[in-house]
Amino acid sequence: MAWPVLLLARELDLGGSERQMTEIAKTLDRSRFSPHVGCFRPQGIRSAELAAAGVPIVHFPVDSFTSFGALGEAWKLGSYILQNKIRLVHTFDYPLTLFAVPLARWTTRAVVVSSQRSHRSLIPHKYRRWIRMTDHIAQAIVVNCEFVRRHLQNNEGVPESRIRLCYNGVDLDEFAPGETPRDALTIGVVCALRPEKDVKTLIEAFVRVRRSGLRLLIVGSGSMLGELRGLAEASGLGSDCTFVPATAMVAQWLRAIDIFVLPSRSEALSNSLLEAMACGCCPVASRVGGNTELIRHGENGMLFEAGNVDQLGNILGTLLERRVLREQLAARARSTAEQFSTDASTQRMEEIYTELIDAAER
């Protein structure tokens, strides 16, 4: 009989963790696992995907951890785990880790697994000490790159034996190279417009290489949108810089980009970088976090020091002048992305779940 497993994330919309959780839930081997998904906010494009795949979704409407309503939802979660004989609970982001890990571990017999998918500095300060407590409660913590594994071991004191590595996966059919009609060479990025993504550095570097027939495309939404629009305006970019709100049509926009730049100051294993590589973009990324696990400088992309506008400008100038190099890097980047398929990621997660459930049953 298949093991029922419950995967949890705050919402079911456009975020990277939500995408990875959804892909795992959709592609788990149904002869071995029966996936369920739970969330605080069920609205979003992932709900339809999960429903189409026959994955049941349970809603825990929690807006505040300190409300009476949260206590009721905690009771509901515990009851759901027991009634559905859930064998393993896996949280994919810090809000659900805080909510579900202690309850599931202390009130049920389910195996409890958390996730760390970014540097801990990106978690709001008031929650970090509580997240560190869950490190001692969960039976395992899944990370999405070696960088986060080292961060947990060296900076957070998590024993190596408690950490499991499962790289993000990309749908190689959805994210594939394709011909997109265009009238200009395009440098671009698809990401959440938050401070740590440092799109400001990309705009400043673009100003230095700006020329006729070149445009900048920024796809995403977030708290930095107004400031970035203001910078583009003040730099006189006008129609050479296009902003597009966050969208589910990510692959379509990536195919419109020739040189994809991820200028983050903090990154784990970036879904957007991996997807851009799969779509045949020539990738350029800051030398931080898991970016160096995807890109080998000068072989399948280019790396620059985070925040270094001069260095990024020089790299962009070189790629603009050397079309053959640009195309070679893009082709090798696609080959690299093929090693990070959704199937490979799901297979690794199945190995983790099987190991932990077997250990608990023994």
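Residues numbered from 1 in each chain as written. Predicted model: local features only at pLDDT ≥ 70, side-chain atom pairs only at ≥ 80, totals over all residues. Heavy atoms only, no water.

S.K.: An account of the pairing of strand E8 (residues 185–190) is needed here, citing residue identities and associated values.
M.R.: Of all the 6 residues making up E8, 5 are buried; the element is thus mostly covered by neighbouring parts of the structure. Judged from the 6 bridges that link them, E8 and strand E9 (residues 214–219) form a sheet pairing that is parallel. If you follow Val189 over to E9, its bridge partner there is Ile218. (Buried < 20%, exposed > 50% of the residue type's maximum accessible area, 1.4 Å probe, protein only. Helix = DSSP H or I, 4+ residues; strand = E, 2+ residues; numbered from the N terminus. Pairing = 2+ DSSP bridges.)

S.K.: Describe in detail the nonpolar core, supporting the description with residues and values.
M.R.: Ranked by internal contacts, the top residues of the largest apolar core, which has 70 residues, are Ile187, Ile218, Leu254, Phe260, Val261, Val284 and Leu319. For Val261, the residues in contact, after removing those within four places along its chain, are Ile187, Gly188, Val189, Leu202, Val284, Phe304, Leu312 and Leu316. Counting 26 residues, the second-largest nonpolar core is a separate cluster that includes Cys39, Val111, Ala140 and Ile357. (Core = buried A, V, L, I, M, F, W, Y, C linked by side-chain atoms within 4.5 Å. Contact = heavy atoms within 4.5 Å.)

S.K.: Explain helix H4 (residues 94–107) to me, and be specific about the residues and the numbers.
M.R.: End to end, H4 covers 20 Å across 14 residues, agreeing with the expected 20 Å (1.5 Å per residue, within 8%). Taken as a whole, H4 carries its principal kink of about 35° at Ala100; the proline Pro102 stands between one and four residues after it. Burial runs high along H4: 10 of the 14 residues are buried. Listed in full, the buried residues belonging to H4 are Pro95, Leu96, Thr97, Leu98, Phe99, Ala100, Val101, Pro102, Leu103 and Ala104. The inward-facing, buried residues of H4 abut strand E1 (3–11), strand E2 (33–41), helix H3 (68–83), strand E4 (88–91), strand E5 (111–116) and helix H5 (125–134). (Expected span 1.5 Å × (residues − 1). Bend = angle between axes of the 7 residues up to and from the residue.)

S.K.: Could you give an account of the packing of helix H7 (residues 199–209) against helix H8 (residues 225–234), with specific residues and numbers?
M.R.: Each packed pair of helices is defined by two parameters, the angle between the axes and the distance between the axes. Running from N to C, H7 and H8 point in directions that differ by 10°, and their axes come no closer than 10 Å. It follows that H7 is roughly parallel to H8 by the angle criterion. Contacts from Val199, Lys200, Ile203 and Glu204 of H7 reach H8 at Leu228, Leu231 and Ala232. (Axes fitted to C-alpha atoms, helices over the stretch in contact; angles between N-to-C directions. Parallel < 35°, antiparallel > 145°, perpendicular 65-115°, else oblique.)

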